[in-house]
Each structure stands twice: as structure tokens, then as C-alpha cells.
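So you can see what is in the structure, the chains are spelled out below.
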Amino acid sequence: MAEVLVYVDHVDGAVRKPTLELLTLARRIGDPVAVHLGPGAEEAAKTLGEYGAVKVLAADAAEFADYLVVPKVDALQAAYDAVSPAAVLVPSSAEGKEIAARLAVRIGSGIITDAVDLEAGEAGPVATQSVFAAAFTTKSRVSKGIPVITVKPNSTAPEAAPAAGAVEELAVSFGEKAAGTKVVARTPRESSGRPELTEAAIVVSGGRGVNGAENFHVIEELADSLGAAVGASRAAVDAGWYPHSNQVGQTGKTVSPQLYVATGISGAIQHRAGMQTSKTIVAINKDAEAPIFDLVDYGIVGDLFEVVPKLTEEVKTRKG
Amino acid sequence: MSLRIVVCVKYVPDATGDRHFAEDLTTDRESVDGLLSELDEYAVEQALQISEDADDAEITVLTVGPEDAKDALRKALSMGADKAVHVEDDDLHGTDVLGTSAVLAKAIEKTGYDLVVCGMASTDGTMGVLPAVLAERLGVPQVTLLSEVSVTDGKVNGRRDGDTATEQLEASLPAVVSVTDQSGEARYPSFKGIMAAKKKPVESLDLDDLDFEADEVGLEGAWTKVDEATPRPPRTAGTVVKDEGEGGKQLAAFLAERKFV
Ligand SMILES: Cc1cc2nc3c(=O)[nH]c(=O)nc-3n(C[C@H](O)[C@H](O)[C@H](O)COP(=O)(O)OP(=O)(O)OC[C@H]3O[C@@H](n4cnc5c(N)ncnc54)[C@H](O)[C@@H]3O)c2cc1C
Ligand SMILES: Nc1ncnc2c1ncn2[C@@H]1O[C@H](COP(=O)(O)O)[C@@H](O)[C@H]1O
């Protein structure tokens, strides 16, 4: 069977969930070959093999951390040359998309970004995308070259399918452009201890209605009672009430959880773009005319400071 | 030596309008009102700030797009850019990111540049990859997705807020930069700016001027193909109730019924 390259997103060898989804999707097209850059390949290989990687091509070099994007493109291209795959799959993070797009130019292939599903097709893999703020669903494919496709988190449920997953060293020689953009400092983001926004089954978001950073604990308490991630609208982020990394929407994260709770959010098109594909949507807003109510399965017209604490209390009671 | 800045801006259908596909499954740019992509206003703003800090700078705004894309160029000129280049050709209809980036790269080289500034993503295609592709094609450093940017002594510095870390980046000019909507509010064109923009030069280029053959771009030349576009079925109307003191409890009961609690 043809091989499919899967670019691994990991933190020091801890493989992130979207990569497991990619391995699962890759198996619909061929045999997944994982590409692991940076430290922790041996550790990662156990997980990658469990989810179907037939082998793990690994390279570690200081360049990956010291310079932006290009060294990783050089390495992915080396893997591409070594394997001659039927497709290349990359997680749809900001960096993942840039790596994938530069590879596509180099190998003369088309690129599809932000796929939410992937199937094998007669003329190559068919990617499903959600476009125009999720108003349309499209099916597309790469018509020239070897398909390069980036896939969004939460696109499928990861399924284990044990394979060998042995680590093989990948030889990479960096091009002269690799050192073009230097990373002069890096400050890791502190973990909130809550689930990752794009991976969470439940997301509770707060907007301008939360009215101040000091009130966001009301949203966090509800999130914690449900085991949810916390999101925010751009209005709340721009006001400095919550970090930008938690923004949901067009210029923030796209989330597609089982349950999305919007509190004090009007539901502007750019916000909907990031949450419209959630399975169940509920909203609390004091304005009965707010457009968010067009999307809801259940909505409460009311003051969030009245409704949310009581909801949190009731959830806790029911959970015992 | 003057600092030559090229800002890439896109003319896009208004996101608050009824965006849809044309019969050939390309984005319908005719029946929906268009405008300068809001995310490219941030690029124009940062270019203006960089030029204000430089001794001597010239800003060219560049677009690849249909005739109406002139509106986007006018807006950028009225914000304060110096001149504009419009790549316009019927054969460009349906061009995808690889084709657009090839055309932009040639137009940028023809114009001459030290710094290219892009937005973080177009609001219609939302790929967010064109700046990286441009850097690849031009063979210069990519310094992308910046929430802060500055240019001093032939170097560009910036802050990139990633998923797992915040990075400080540095590269030598020439370079391609993209800026996010966290980089600072874009200015409104002043009345004076709007009047001045009417006199600023807008150069038109077609594919011939850039040495492209028609089949290298457009729908035929595209590297990707859309086979199907289906409107998302409207969500079935849900229950909306007014809080009379029991809203929290009612919502909890709903969540329990759906097995979230
Ligand atoms: C190019 C571009 C990109 C954008 N990207 C994003 C994005 O990624 N994400 C995003 O969210 N936005 C984005 N926006 C902004 C978007 O257009 C809206 O401005 C934003 O989503 C509004 O946030 P909000 O709903 O919190 O605020 P508002 O629209 O002000 O709504 C606040 C709501 O809270 C309600 N409320 C107030 N007090 C209470 C209370 N006590 N109890 C209950 N309800 C209350 C009000 O009735 C109102 O409906 C973008 C805009 C542009 C132009
Ligand atoms: N047709 C175009 N003309 C000029 N600039 C463009 C065009 N398309 C995209 N860009 C630039 O590339 C950025 C990212 O676009 P994209 O990768 O399409 O999301 C935009 O913010 C613009 O700066």
C-alpha cells in the first residue's frame, strides 16, 4: 500500500491529540509514516505506533528551535524525498499550515488547508472543508502533484491500530535559507490546567457581557464544573479580560465541541465562524434579539450573573 | 536609501453579506459587495507606522484581483500609502494560492522592495499561508503572524504569539512580514487622505506584463479543485426561554437530558 506522511505535533515527545486524528485519517489512504522533528522521538514512537504509524522518521537538531519554520520545511522535504508518499498530512496549526504550504511550493503540489474530514477518492484524497464562516461545506482535492493537506483538530475520533512504528533516523541537510529568521527568545505559555480549547468536548465562552477580567471567574467556575475549556470573544480579549490564546472565532481558534456555551456573546459572524459547527449550542444573553439565539439548541434570555452561578451550582449538585 | 515597502491587500466579499459560490464553484465576487479585507487594514497600518519611523520610506499597495479591487487599493491609499499596483486580467479568474503567490512575487520583484507586509489571512479564503509561500518564492526570510513589528538598521523584529509559546523573531531585510489583528487598530482615512488618494498613481499590470501564460493561472491552472459546495443546513430552531429565576436550573436540566451532566 502507498505510504502517507504524517507530520507530528508534539511537546518534547508527548504527542498531541490532533496527530492521532491525522494517523487515523491517513489509514484511509495508505500506511502512515510519521515525521517527528525535535526531541523525544523514542517516547513519541510508542504512541505513534499504537495509532498506526508503520515507521517514524526522526530528526533532531538545534535549528528546529533556533529558526522559524524553514528548517522544519527542509526536514519534511527530506522525508518526502525518502518516502515518495501518496499524500502529506499536517496538523492545521498556524505553524503547520506554513510548513505545509512551503513544502507544497517546493514539490510543485497543490495544498488544501483546514480540512475537517478526509476520505479516499478515485482521483486522490477528498477533503471536506467548512467555509464562509461555516455557511458552506465543500469537497475538494488536489489536482496537481502529491496532495498536501492540513487537517483541523477534532476532525475524527482517534482509533488505535497497532503497527511497528520503529524509529528510523532521517538525514536532513539544511538549506542556506534555513537560518533566515532567528528566534531570539521564547516564552512558553503557562498551562491553565484546563482542557486544550481546540480539543475539548465542552467549551464555555464569555464575551463583552462578562464586563471585566475580575468577573471571568464566573465563567471559569462553570467550565470547571463541566470539565470544560474556557473561550472568549474578541471583544473580551481586546478589552484585556482574557488571553488571546483563548479567543474563539475567525482570528482565534475554531472549536467544534460536543457542547458550546456562549455567555454574554452576541454571536457576530466572525465569532460564529469559530463555533458554528459545535454539536450542541446553548447561550445566555440578556438581549432576546442577539443573533446567537439563531444557533442555539437551548437559550436563556437573562442576566448571566444571575443564571450562570445557579447553573454551576445545579451542575455540581447533579454531579454529586 | 529609501525603504521600499510593498503591502499585499486583498479585495474580498463582505463577510456580513450573503457570501456564496458562483456556478463554477469559485467565490462569487460579483453579486456580493466587496471591500478591503479588514485583516489587511492591519498590514497597511503597520506599514504606515514603519514608514513614519523610517527616515525615508515609500509604500506601494499591491493587489491581484478583479476590476472592483481598485476600491481596496483606494482605501489603502486614503489611509496613507503612496502608490498602488493592480494586477488585473480576465485569465486570473479562479487562481488558487499557488498561482496568486507566483503572480504577487513577480509583481513585487518588478516593483522593487525591501519589505513586504501582508495580513494574517484573507477573510474569504482564510488560509493564512500566502505570506509564507511568498517568502519561499522570493527566497527571503518569513517573519509572520506578528502582533508587534519594528524595523531598524536593516532588520525586522517582531513578536509571534504561538499556541505553545511567544517568540521574539529577528531577520535581515529584505523580508516578508505578516501581522495579526492584535498588532493595533488600523486608522480611519481622514477627509484629507481621501482627497489625496484620488491623485495617487495606480499602475495596472496584466499577465503579459509579468510574463505569465494564461494556462499557468486561473481555474485551469489551479493546483486544487472544488468538486462540491453545499450550504450548511440551517440549525433546527431550539428552545429559548426567559429567565424568571429558574433559568440556571432549566439549563442544567437540559444539559442533563443531553448527558453532559
Ligand atoms: C476581521 C475580523 C475578525 C474578527 N474575529 C473575531 C474572532 O475571532 N472572534 C470573535 O469573537 N470576534 C471576532 N471579531 C469581532 C466580532 O465582529 C464582534 O465584534 C465580537 O465577536 C463581539 O464580541 P461579543 O459578542 O462579546 O460583544 P458584543 O457584540 O458587544 O455582545 C455582548 C453581548 O453580551 C450581552 N450582555 C451584556 N451584558 C450581559 C449580562 N449581564 N448578561 C447576559 N448577557 C449580557 C449583550 O446583550 C450582547 O449581546 C472579528 C471582527 C473582524 C472585523
Ligand atoms: N489576491 C491577493 N492580492 C494581494 N494580496 C493577497 C491576495 N490574496 C492574499 N493576499 C495577502 O496574503 C494574506 C494571506 O492570505 P491567505 O493566505 O489567502 O489567507 C492576505 O492577508 C493578504 O495580505
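Rules of the game
Residues numbered from 1 in each chain as written. Chains lettered and ligands numbered in written order. Predicted model: local features only at pLDDT ≥ 70, side-chain atom pairs only at ≥ 80, totals over all residues. Heavy atoms only, no water. Buried < 20%, exposed > 50% of the residue type's maximum accessible area, 1.4 Å probe, protein only. Helix = DSSP H or I, 4+ residues; strand = E, 2+ residues; numbered from the N terminus. Pairing = 2+ DSSP bridges. Near = heavy atom within 4 Å. Polar contact = N/O pair within 3.5 Å; in protein donor to acceptor, adjacent residues only side chain to side chain. Nonpolar A, V, L, I, M, F, W, Y, C, P; charged D, E, K, R; others polar. 1 Å grid on protein atoms, 1.4 Å probe; cavity = no way out; pocket = protein on both sides within 12 Å on 5 of 7 lines; lining within 4 Å. Points joined across faces, edges and corners; volume = space filled by probe spheres on them. Contact = heavy atoms within 4.5 Å. Axes fitted to C-alpha atoms, helices over the stretch in contact; angles between N-to-C directions. Parallel < 35°, antiparallel > 145°, perpendicular 65-115°, else oblique. Left-handed = near helix turned anticlockwise from the far one by under 90°. Core = buried A, V, L, I, M, F, W, Y, C linked by side-chain atoms within 4.5 Å.

Draft legend 1. Inspection of the pairing of strand β6 (residues 87-91) of chain A at higher detail. Residue and element names in this part refer to chain A. With respect to burial, β6 is a largely interior element, 5 of its 5 residues being buried. Residue alternation in β6 divides its side chains into two sets, Ala87, Leu89 and Pro91 and Val88 and Val90, and both sets are buried. Here β6 pairs with strand β10 (residues 148-151) via 4 bridges, running parallel. Bridging across to β10, Val88 finds its partner in Val148.

Draft legend 2. Spatial organisation of the site of ligand 2. All names here are of chain B. With respect to spatial proximity, 19 residues lie near ligand 2, and among them Cys8, Asp40, Val64, Ser122 and Gly128 are the closest. Contact distances for ligand 2 include 3.3 Å between a nitrogen atom and a backbone N or O atom of Val9. A distance of 2.8 Å separates a nitrogen atom of ligand 2 from a polar backbone atom of Val64. Mapped by element, the contributors of at least two residues to the shell around ligand 2 are β4 (57-64), α3 (97-111), β6 (115-119) and α4 (130-138). Here the element with the most residues in the shell around ligand 2 is β4; it accounts for 3 residues. Per-class residue counts for the shell around ligand 2 are 11 nonpolar, 6 polar and 2 charged.

Draft legend 3. Just the layout of surface pockets, in detail. Of the voids in this model, the second largest pocket is the one considered here, and its volume is about 710 Å³. Contributing to the lining of the second largest pocket are 30 residues, with Arg208(A), Ser233(A), Ala235(A), Ser266(A) and Ala268(A) lying nearest its centre. Those elements that provide at least two residues to the lining of the second largest pocket are α7 (234-238), α8 (269-272) and α9 (304-319) of chain A together with α1 (38-53) of chain B.

Draft legend 4. Structural view of helix α7 (residues 247-257) of chain B. Those residues of α7(B) not exposed but buried are Gly247(B), Gly248(B), Leu251(B), Ala252(B), Phe254(B), Leu255(B) and Ala256(B). Residues of α7(B) that are buried in the fold lie against α6 (216-226), β15 (259-263), β16 (280-285), β17 (298-301) and α9 of chain A. Remark: Lys259(B) follows α7(B) within two positions and exhibits a positive phi of approximately 70 degrees.

Draft legend 5. Region of the structure containing the packing of α1(B) against helix α2 (residues 70-79) of chain B. Residues and elements named next belong to chain B. The interhelical angle for the contact between α1 and α2, taken along N-to-C directions, is 30 degrees, at an axis separation of 10 Å. Classed by the angle they form, the pair α1 and α2 counts as roughly parallel. Like other packed secondary-structure pairs, α1 and α2 cross with a definite hand, here right-handed. Of the residues in α2, those touching α1 at Glu41, Val44, Glu45 and Leu48 are Lys75, Ala76 and Met79. Of the residues assigned to the contact of α1 with α2, the class counts are 4 nonpolar, no polar and 3 charged.

Draft legend 6. Region of interest: the nonpolar core. If you look at the biggest cluster of nonpolar residues, it comprises 103 residues, and the most contacted ones within it are Val7(B) and Leu134(B). Every residue in contact with Leu134(B), bar those within four places of it in the chain, is listed here: Cys8(B), Ser101(B), Leu104(B), Ala105(B), Ile108(B), Val116(B), Cys118(B) and Val176(B). One finds Val210(A), Val230(A), Trp241(A) and Val307(A) within the second-largest nonpolar core, a separate group that totals 33 residues.

Nothing here speaks to function; it is geometry throughout.
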